[in-house]
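Inside the fold
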Amino acid sequence: MAKKKSPKFYVVWDGHNPGIYATWAECQAQTKGYPQAKYKSFKTRAEAEAAYDGNYGDHIDFSGRSAKAKPVISEAARQAIVWDSISVDAACAGNPGVMEYQGVDTKSEMRIFHQKFPLGTNNVGEFLALVHALAMLHKQGKNTPIYSDSKIAMSWVRAGKCRSKLARKASTENLWQVVERAESWLAGHRGQWSNPLLKWKTSEWGEIPADFGRK
């Protein structure tokens, strides 16, 4: 008699619809065709749920091909980082291409927000991520610092204008409407937010905690 296989639970951190799935077929449906999808199987649902609340990099073998080990941050650099902060980043599969952005807790790397668009650019994503974080923190009444590794996006936010050259057409209309709402928010809240916009020093600290890991 063939030995019955134990059930597995599949965590999809980055895929069409991130989540926990009970079958390989369901997991495959969320990862097939998705650029550099991040997923892994676990023996129990409890393990899967704990993993989903964490980070993909904590559950893979860095000696493999799926990811690179994080650089060791020196004690001096660690003391220089404002850990009580939010980090934002964007990723784009092509430029323009499928674009997404996210914000995470800098210390724990827990995802706080995430948005995805069928067509956009990295700089637009970085800009929207910063405004998303500012609007969220303003609503919460918090002056929490925000890290970004994009000087361009930070300058656009300070100017209150997204200066992207991305063509406005049917495929980007929804994105441009979101950009206009972000610009409108900045205009309507000028002088009302005081969150420090901090440049993440990638050369000294490694990739920003919000990095999607697709470089």
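Residues numbered from 1 in each chain as written. Predicted model: local features only at pLDDT ≥ 70, side-chain atom pairs only at ≥ 80, totals over all residues. Heavy atoms only, no water.

1. A closer look at unusual backbone geometry
Even without glycine at this site, Glu 109 takes up a positive phi of about 65°. Considering the arrangement of structural elements, one finds Glu 109 in the loop between β5 (97–105) and β6 (111–120). With a relative accessible area of 21%, Glu 109 lands in the partly exposed category. (Helix = DSSP H or I, 4+ residues; strand = E, 2+ residues; numbered from the N terminus. Buried < 20%, exposed > 50% of the residue type's maximum accessible area, 1.4 Å probe, protein only.)

2. Quick look at the sheet that holds strand β7 (residues 146–148)
Strand pairing in a sheet relies on backbone hydrogen bonds, with the paired strands running either antiparallel or parallel. In space, the five strands of this open sheet follow the order β6-β5-β4-β7-β8, with mixed pairing throughout. Pairing within the sheet leaves two strands with one partner each, and these edge strands are β6 and β8 (197–199). When the angles between neighbouring strand axes are averaged without regard to direction, this sheet yields 25°. Together, β4 (86–94), β5, β6, β7 and β8 form the strand contacts of helix α4 (residues 122–140), whose direction differs from that of β4 by roughly 150°. Each of β5 and β6 is contacted by helix α6 (residues 173–188), which is oriented at about 135° to β6, the strand it contacts most. (Pairing = 2+ DSSP bridges. Axes fitted to C-alpha atoms, helices over the stretch in contact; angles between N-to-C directions. Contact = heavy atoms within 4.5 Å.)

3. Details of the sheet that holds strand β1 (residues 9–14)
Spatially, β2-β1-β3 is the arrangement adopted by the three strands of the open sheet, whose pairing is antiparallel. Each edge of the open sheet is held by one strand with a lone partner, namely β2 (19–21) and β3 (38–42). For this sheet, the mean inter-axis angle between neighbouring strands, taken without regard to orientation, is 20°. Pairing analysis gives three bridges linking β1 to β2, with the strands arranged antiparallel. The residue of β2 that forms the bridge with Val 11 is Ile 20. Relative to β1, helix α1 (residues 24–31) is tilted by about 10°, and along the sheet it contacts β1, β2 and β3. Here helix α2 (residues 45–52) sits on the sheet and contacts β1, β2 and β3; the angle it forms with β1, its principal contact strand, is near 10°.

4. Thoughts on the packing of α4 against α6
Packing of α4 against α6 leaves a shortest axis separation of 10 Å and a crossing angle of 45°. Put simply, α4 runs oblique to α6. Once α4 is placed against α6, the crossing between them reads as left-handed. Where α4 approaches α6, its residues Val 124, Phe 127, Leu 128, Val 131, Leu 134, Ala 135 and His 138 are matched on the opposing element by Leu 175, Val 178, Val 179, Ala 182, Glu 183, Trp 185 and Leu 186. Here the contact of α4 with α6 is built from residues that sort into 12 nonpolar, one polar and one charged. (Parallel < 35°, antiparallel > 145°, perpendicular 65-115°, else oblique. Left-handed = near helix turned anticlockwise from the far one by under 90°. Nonpolar A, V, L, I, M, F, W, Y, C, P; charged D, E, K, R; others polar.)

5. Some words on the confidence of the model for the chain
Mean pLDDT over the chain works out to 86, with 87% of the residues at or above the 70 mark. In the predicted structure, residues 61–69 sits below a pLDDT of 50 and forms nine contacts with residues beyond four places in sequence or in another chain. (pLDDT = per-residue confidence, 0-100.)

6. Things to note about the packing of α4 against helix α5 (residues 151–159)
In helix packing, the relevant descriptors are the interaxial angle and the interaxial distance, both defined with respect to the helix axes. For the pair α4 and α5, the least separation of the axes is 8 Å and the interaxial angle reads 55°. Between α4 and α5, the angle is such that the two are oblique. As for the relative orientation of α4 and α5, their crossing is right-handed in sense. Of α5, the residues touching α4 (which contributes Asn 123, Val 124, Glu 126, Phe 127, Leu 130, Val 131 and Leu 134) are Ile 152, Ala 153, Met 154, Trp 156 and Val 157. Of the residues that constitute the contact of α4 with α5, the class distribution is 10 nonpolar, one polar and one charged.

7. So, the pairing of β6
Note: β5 against β6, seven bridges, orientation antiparallel. Residue pairing across strands places Glu 100 opposite Lys 116, the latter belonging to β6. Remark: five residues form the turn of the hairpin made by β5 and β6, two consecutive strands paired antiparallel; Glu 109 in that turn has positive phi of roughly 65°.

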